[in-house]
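Residue-level listing of the chains:
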Amino acid sequence: MDIESWGHQNPIKKESWRTVLALAYQSLGVVYGDLSTSPLYVYKSTFAEDIQHSETNEEIFGVLSFVFWTLTLIPLLKYVFIVLRADDNGEGGTFALYSLLCRHARVSTLPNGQLADEDLYEYKNDRNLSADRIGMSLKSTLEKHRFLKKILLILALIGTCMVIGDGVLTPAISVFSAVSGLELSMAKHHHQYVEVPVACVILVFLFFLQHYGTHRLGFLFAPIVITWLLCISAIGVYNIVHWNPHVYQALSPYYMYKFLKKTQRGGWMSLGGILLCITGSEAMFADLGHFSQLSIQIAFTFVVYPSLILAYMGQAAYLSKHHVIASDYHIGFYVSVPEKLRYPVLAIAILAAVVGSQAIITGTFSIIKQCSALGCFPRVKIVHTSSKIHGQIYIPEINWTLMVLCLAVTIGFRDTKHISNASGLAVITVMLVTTCFMSLVIVLCWHKNVLFAICFIFFFGSIEALYFSASLIKFLEGAWVPVVLSFIFLAVMYSWHYGTSKKYEFDVENKIPINWLLTLSPNLGITRVRGIGLIHTELVSGIPAIFSHFITNLPAFHQVLVFLCIKSVPVPHVRPEERFLVGRVGPKEYRVYRCIARYGYRDIHMDDVEFEKDLVCSIAEFISSEGRGQSFEAVEDIDENERLTVIGTTSTHVDGIRMCEDNVGPNRNTEMIEISSPEVPRKRVRFLVPESPQMDLSVREELRELMEAREAGMAFILGHCYVRAKRGSSLIKKLVINIGYDFLRRNCRGPTYALSFPRASTLEVGMIYHV
C-alpha cells in the first residue's frame, strides 16, 4: 500500500474506516516497535541499584503506578491528543514544529528566503487565523532579536542530536535486553560470554539490512509487533489472574506518594528507569507524515496502550508474590514468563527488538535528511529504497556510523543499566524540546490564549523536568554518552550552518550588478558559444562573483546562460505547479535567465534527465508567457530590471509548452516548431507549442534559439570555493571556519544535482572566500 500517496497532493479529507484501519495496522510495525519492547527492560533498569524489592511491595506497586500515569499523561494525553494536531501540512517531528514557527514568525535562519516563498500553497494554509495582541507581541519580539532566533535553532538542533543519539542507544538496549533472556537457560559464568557476542551479531545483521530498505520486509513488521503485543498482554493477564488479581489497586496515584516517601532519594534516582516506559513515544509524531492522525490515535489508544498496561501490571503481579528470586537476573521481564513459553517468547522478543530498532534507525535517516535540506547538516548520500514510498530512505554514511557507535556502546557497557541511563536522557531531552516548541506553536500558530500555552508547558514540562533531573544525576553512570554524542553532532551541524550562512553573506556582498553584464560586448573579446550554460549559485538575485571570475579568465560563455539556484524552503513539500521561479537577467537579446528551483524538506530532488527537461521547459514556458503579456511576481532585494514568475514542472503544463526529443510525434491541437539539426549529429529537440495566433516572431525566434542550445548540449559551471576566516577574526571563528567548516566541506558530498551531470560537461571555478 502506498501510504505516501496520501500526502499533501492527495489529502484524505474524509477517510473511510477501511483506510484508517489499514493505516493503523501498518503503523503498528513502523511506529510502535520501540515503545512496545519497553517492558523488556523497564523494571530491570528501575530496580538495578537505587531501590530494592521488599516484602511490603510498596516499591513494585509504586513503580507500577508511576508507569501507568506516565504512559497515560505523556504518550496518550500529550502526544495522541495534543501534539499530533501540530502537524506541518501532514508532517511531524522536531523540524516540523520548527518549520511552523519559521513560517508564522519569520525566525528562519535560511539566508536565501524570499517574499515569493510566502505565496506557496502550504504557506497560505497557515494564514487563516488572526493572532491576538499577545501573540503579535511575541511574534515581533522573536523577529527582532537575532539571539532568540539562534536559541530556537539550537533547540531544534539539540532535539535532532538527541534523536541521533537515540538511534545509537535504542538498538543497543532493545537487542541486548531481548538477548538477556539467555541468562535463565545457562550458568552465570557462561551467559556473560554469550550475550554480548550474540547481541553484536544481531546488531551487525540489522544495520547490514538497512540498504535493502524497509519496504522489502515491511509486510513482516506489523505481524511481528502485533504478535508481541498479544504475547505480553496475554502473559500479563495470566499473571494478574494467577498471582495477584488485586494489583489494579496499585494504579492509584497514592502509591506514587508512598513510593517516594519510603525510597526518597533512591526513588527519585530510579525514575530514570521508569522513564524508559515511554521511549519511542516521539515516533508517533515524527512518523506522522506516513500515516494519518486518526490511524495513529486508534492504534495507540486501542492496541498499544492497553497491551502495555496489562504487561506492566502482569509483571508487577508476579513480582509481588516472588520477593526472593534464585537468579542473578533479579526482576527482569523473562522471570515473569511461564517457563514453557520462555524460548518462544525469547524468539518473538528478538524479532520485536529488531523491528523497534529498525524504526528508530529509519527515523534517524529521515531527520538527518530534513536537517540537510534546511542547511543544518553536511550533504550526505541519500538513497531512496522505495519507488512508491519516498519516506523510506537509506544514508550509507550515517548507517555505518550508527553501527560503529552502537557496537561500541554494547561492548563498552555490557549491561542494560548503563545503556538505560544513557537512553533515558536522550528520550526525555527530545520530549522537553517538543514541549518548548509546542508552547510557542499554541500561541503563534494556533492563536490560542497564552494561558493555555503556559499551562501546557508548566504541566508537561514539570513532569519531564522531574524525569530529566533523575536521568541527568546519573551522568557518570552512562548518561554522559548522549551528551557527548549530542555535543559532537551539534558542533558539526552548527559549524556547517554557520559556515554556509557566512559563505552566502560573502556572495551577497560581492555579487555583480546587472549593469556590469550590460557592459560586456564583443569589443571586449567576449564570445558566445553554442549550448546552454548552467551556473550554479546560492544567490536568488544578482550575478554571482564566480561568473565574473570565470569571464575574466575565460572570456566566453554560452549562447543561453542560466543562473540556477536550487533552494530549500521551510515547508515539507512544494507543489509541482510552484516548483520554479523564472526570470530574465539583463536585456532580452542577451538570452540570460535566472531559474530558482524550490524544494521542501521532504521533497525528492528530480534526477538529472527529468530535471534538465523540466528546467528547459520552464524557461520556454516563461518566454511564451512573457510574450502573452502575463504579469510577474516581484521578489524583494533585486534590481528593477529583474522580475520572476512562478512556473510549474512539465507535468503541470497541460495547455502549455512541452519538450519532445528524438522522433516522438506531436500531440493533437499543437503546433510544432522545428529546427534543422546541426551538422554534428546530436539528439533532436522540439517544442510542442499550443496553437496561438498571438505568439509574435520574437518569441518564436527566442524559443528556436533555446532549442538549438539544448541540442548543442548543456554545461554545468560549479563554484569550488575555499572558505577562510578573514584577518582580525576571533579565535573561535577561525577554528570554526578554517578547521571545522573547511574539513566538513572537503569531506562531504557535492550537491546531488551536480553529481548527476557528466564530469565531461562540468566545469569548476575556484575562488577563495574571506568571511
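This text follows the structure it describes.
Residues numbered from 1 in each chain as written. Predicted model: local features only at pLDDT ≥ 70, side-chain atom pairs only at ≥ 80, totals over all residues. Heavy atoms only, no water.

## Thoughts on helix H1 (residues 17-30)
Since the α-helix turns once every 3.6 residues, residues separated by three or four places project in the same direction.
Here's step 1: When the terminal C-alpha atoms of H1 are compared, their 20 Å separation across 14 residues agrees well with the 20 Å that a helix rising 1.5 Å per residue should span.
Here's step 2: Where H1 is concerned, the buried positions are Thr 19, Val 20, Ala 22, Leu 23, Ala 24, Gln 26, Ser 27, Leu 28 and Gly 29. (Helix = DSSP H or I, 4+ residues; strand = E, 2+ residues; numbered from the N terminus. Expected span 1.5 Å × (residues − 1). Buried < 20%, exposed > 50% of the residue type's maximum accessible area, 1.4 Å probe, protein only.)

## Looking at unusual backbone geometry
Here's step 1: A positive phi is found at His 447, a non-glycine position, where the angle reads about 55°.
Here's step 2: Structurally, His 447 can be placed in the loop between helix H19 (416-444) and helix H20 (450-472).
Here's step 3: A positive phi angle, close to 55°, is found at Arg 591, a residue other than glycine.
Here's step 4: You can see Arg 591 is positioned in the loop between strand E5 (580-584) and strand E6 (592-599).

## A look at the sheet that holds E6
Here's step 1: Strand order in the open sheet formed by seven strands is E7-E5-E6-E4-E3-E11-E12, and the pairing between neighbours is mixed. Lying at the two open borders of the sheet, with one neighbouring strand each, are strand E7 (644-647) and strand E12 (762-770). Between one strand axis and the next, the sheet turns by 25° as a mean value, whatever way the strands run.
Here's step 2: Sheet topology places strand E4 (residues 556-568) next to E6; eight bridges connect them, and they run parallel. Bridged to Lys 567 within E6 is Arg 598. (Pairing = 2+ DSSP bridges. Axes fitted to C-alpha atoms, helices over the stretch in contact; angles between N-to-C directions.)

## Brief notes about the pattern of salt bridges
Here's step 1: Evaluated as defined, the whole model comprises 15 salt bridges.
Here's step 2: In this structure, Arg 746 and Asp 742 form a salt bridge, with 2.9 Å as the shortest nitrogen-oxygen distance. Of this pair, Arg 746 and Asp 742 both sit in helix H26 (residues 731-747), separated by four residues, roughly a single helical turn.
Here's step 3: Ionic contacts of the salt-bridge type, sharing partners, join the residues Glu 58, Glu 59, Lys 258 and Lys 262 into one network. (Salt bridge = Lys/Arg side-chain N within 4 Å of Asp/Glu carboxyl O.)

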